[in-house]
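In case you want the letters, here they are:
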Amino acid sequence: MAAIVVSVASTLVASSPRYSSSTTSLLFTKLRSSSPFLRFSLAVTPFCSRKGRLMAHTLAQANLGLTYPAGIEAPKISFAAKDVDVTEWKGDILAVGVTEKDLAKDENSKFQNSILKKLDSQLGGLLAEASSEEDFTGKAGQSTVLRLPGLGSKRVGLIGLGQSASTPAAFRCLGEAVAAAAKSTQASDVAIVLASSEGLSAESKLNSATAIASGTVLGLYEDNRYKSESKKPALKSVDILGLGTGPELEKKLKYAENVSSAVIFGRELVNSPANVLTPAVLAEEASKIASLYSDVFSAKILNAEQCKELRMGSYLGVAAASANPPHFIHLCYKPPGGPAKVKLALVGKGLTFDSGGYNIKTGPGCSIELMKFDMGGSAAVLGAAKAIGQIKPSGVEVHFIVAACENMISGTGMRPGDIVTASNGKTIEVNNTDAEGRLTLADALVYACNQGAEKIVDLATLTGACVVALGPSIAGIFTPSDDLAKEVIAASEASGEKLWRLPLEESYWESMKSGVADMVNTGGRPGGAITAALFLKQFVDEKVQWMHIDLAGPVWNDKKRAATGFGISTLVEWVLKNSS
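Residues numbered from 1 in each chain as written. Predicted model: local features only at pLDDT ≥ 70, side-chain atom pairs only at ≥ 80, totals over all residues. Heavy atoms only, no water.

(A) Structural context of the overall build of the chain. Scanning the chain from terminus to terminus reveals 14 helices and 22 strands. Looking at the chain as a whole, 57% of its 580 residues are labelled buried. Within the chain, contacts between residues at least 6 apart in sequence are counted, and of these 79% link residues at least 24 apart. By element, 50% of the accessible surface of the chain is carried by carbon and sulfur atoms, the whole surface being about 23,200 Å². (Helix = DSSP H or I, 4+ residues; strand = E, 2+ residues; numbered from the N terminus. Buried < 20%, exposed > 50% of the residue type's maximum accessible area, 1.4 Å probe, protein only. Contact = heavy atoms within 4.5 Å. Areas by Shrake-Rupley, 256 points an atom, 1.4 Å probe, with all protein chains shown as cover.)

(B) Structural context of unusual backbone geometry. Positive phi, close to 60 degrees, is recorded for Ser 109, a residue that is not glycine. When you line up the elements, Ser 109 lands in the loop between β5 (91–98) and α1 (114–122). Residue classification places Ser 109 among the partly exposed residues on the basis of a relative accessible area of 47%. Positive phi values are uncommon outside glycine, yet Arg 311 reaches one of about 60 degrees. Tracing the sequence through the fold places Arg 311 in the loop between α7 (304–309) and α8 (313–319). Residue classification places Arg 311 among the exposed positions, given a relative accessible area of 61%.

(C) Main features of the sheet that holds strand β11 (residues 327–333). Across the sheet, which stays open at both edges, the eight strands sit in the order β10-β11-β13-β12-β16-β20-β17-β18 with mixed pairing between neighbours. What marks the edges here is a single partner per strand, and that holds for β10 (297–302) and β18 (499–501). Shown here is a sheet whose adjacent strand axes are inclined to one another by a mean of 20 degrees, direction ignored. Direction of pairing for strand β17 (residues 475–478) relative to strand β20 (residues 545–550): antiparallel, over a ladder of three bridges. Along β20, the bridge assignment pairs Phe 478 with His 548. Packing against the sheet, helix α9 (residues 376–391) makes contact with β10, β11, β12 (342–354), β13 (396–407) and β16 (455–460), and its axis sits at approximately 135 degrees to β12. (Pairing = 2+ DSSP bridges. Axes fitted to C-alpha atoms, helices over the stretch in contact; angles between N-to-C directions.)

(D) Region of interest: the pattern of salt bridges. On inspection of all chains with the given rule, the structure shows 17 salt bridges. A salt bridge links Asp 85 to Lys 118, with the nearest nitrogen and oxygen atoms 3.3 Å apart. Of this pair, Asp 85 sits in the loop between β4 (76–82) and β5 while Lys 118 sits in helix α1; the two residues are 33 residues apart in sequence, bridging distant segments of the chain. Owing to a relative accessible area of 40%, Lys 118 belongs among the partly exposed residues under this scheme. Across the pair Glu 436 and Lys 349 runs a salt bridge, and its minimum N-O distance is 3.3 Å. (Salt bridge = Lys/Arg side-chain N within 4 Å of Asp/Glu carboxyl O.)

(E) Highlighting the side chain of Thr 570. Along the chain, Thr 570 falls in helix α14 (residues 568–578). On the accessibility criterion, Thr 570 (5% relative accessible area) is buried.

(F) Summary view of the pairing of β11. Counting buried residues in β11 gives seven out of seven residues, a clear majority hidden from the surface. Residue alternation in β11 divides its side chains into two sets, His 327, Ile 329, Leu 331 and Tyr 333 and Phe 328, His 330 and Cys 332, and both sets are buried. Bridge count for β10 against β11 is six bridges, and the pairing is antiparallel. Bridging from a neighbouring strand, Lys 300 pairs with His 330 of β11.

(G) Quick look at the packing of aromatic side chains. What the rule picks out here adds up to six aromatic pairs. Seen from their ring centres, Tyr 315 and Phe 328 are 5.9 Å apart, and the 65 degrees between their planes marks the pair as edge-to-face. Residue Tyr 315 is found in helix α8, and its partner Phe 328 is found in strand β11; the two are separated by 13 residues along the sequence. This pair shows no difference in class: Tyr 315 is buried, exactly as Phe 328 is. Aromatic side chains Phe 373 and Trp 556 sit 5.7 Å apart centroid to centroid with 40 degrees between the ring planes, which places their arrangement in the tilted category. Residue Phe 373 is found in the loop between β12 and α9, and its partner Trp 556 is found in strand β21 (residues 556–557); the two are separated by 183 residues along the sequence. The residues Phe 373 and Trp 556 share a single accessibility class, namely buried. (Phe/Tyr/Trp six-rings, centres within 6.5 Å; stacked < 30°, edge-to-face > 60°.)

(H) Spatial organisation of helix α10 (residues 437–450). Relative to the 20 Å expected for 14 residues at 1.5 Å per residue, α10 spans 20 Å between its end C-alpha atoms, a close match to the ideal helical length. With respect to burial, α10 is a largely interior element, 13 of its 14 residues being buried. Looking one or two residues past α10, Gly 452 carries a phi angle of roughly 85 degrees, positive in sign. (Expected span 1.5 Å × (residues − 1).)

This is how it looks when you write it as structure tokens:
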């Protein structure tokens, strides 16, 4: 029996304010190759660690309220891919992913599915009986964990996959459901098996096992850095049964390791409050990515004076009211082993806090208390940079760009009616200071074009209108390029993240015209996500393939009250699809 074992250690933060802001680092080390097992160690260290001091803050305002992330013991999970009989596996929970079809029964009320039939036979018919009493039908999102004697496992869990399961998203959800079951029962050892895996190709089995492992890691992860007390997960090991073993799975798990680490890093950036994660701190985190992967990365951080020299009036206008100065972030990835065949740019909105400015966010539903997540686009970009630094794809140069700042209120702040001038010379009448993200992105997009990027994707928590249109789980995408749309949608399908293409209706630009400047920064209420995208389009060279992703909905999980890390997996997939 050959198996691949991956040990996951997530060192969340340190207990003292005297530690560095080293970015999420993954160590994938071969421990022993002489045995029939291939063992690997995976250490996940998000953006605070025990070395040195906390993220370097340049102003006294940083860490307002003496808030520091708490030190948390790192959970460790061992993943193993095995081929063993489900009735012989020993542990706390045997979790079976089942579709609605898998639960079909014959005239004697017995399961027809071979794995369920084998388990039920060993249990004397109790599994079929219990599933009926629990009204478990296999629908997506359904799960039941039963304590039934007769097996090596203490409990049997049935996890619903819906009518069918063939996508990475479905298998990632399976892993998340297993993590939830393990949390609720304080399970230490878990096995996961699909009731029907015979129809899957060899490649599908590999992708499914990887998605399950990734979902389990991300489902188990909780950001407890800012809680005075936290419960330590009991889960120590996860066996994935019946989906293959060997070098190909090893490669897939390595990839899942890198991306899961990046997603956790992105989540922690978004979860961190604005009194901890200032523009200066975000810039430092970016610099540390470049330092950690200095063989392929370089970093350039521009201060306000340098941005002024580049005539970034649109960006600087937003930043003008804050006591925390702006930091313009530019990371550049250059591939090892030769020149790049294609140049890409990822541009992320970097508002570490958005008060709305003089158009201050007020009233029920304004969500001003959540505006720390207004830098979700930059978290996606920097998370992707972290993963790319580990994967090191060839043949592609990537620029990661963030115009980081705060949108605050003061006597030096931008006023409604002011006119700002972007770095491409276009003038903007600011009719709403709460439409600030597009103003920062305007100069960031001009800068990206000046780097020679052939394809640009920007990501931003830009409009509530996109949330109204697509809800909390789907990001809207806008692009004049059908080819780029196909590329990014294919990447999202591989990652399991949901995107939906919306139109760039040029006739709507009429509402964005100004009587005294080239344009205003907001149009009317109808089509607000579209007019925002049309605004950004004014700052992109026509020769460049460009896409705007509005992730205002899926950046945050209201139920969990935490960040999702949305966009990172898709960006990494897209970059890899452009590499040689």
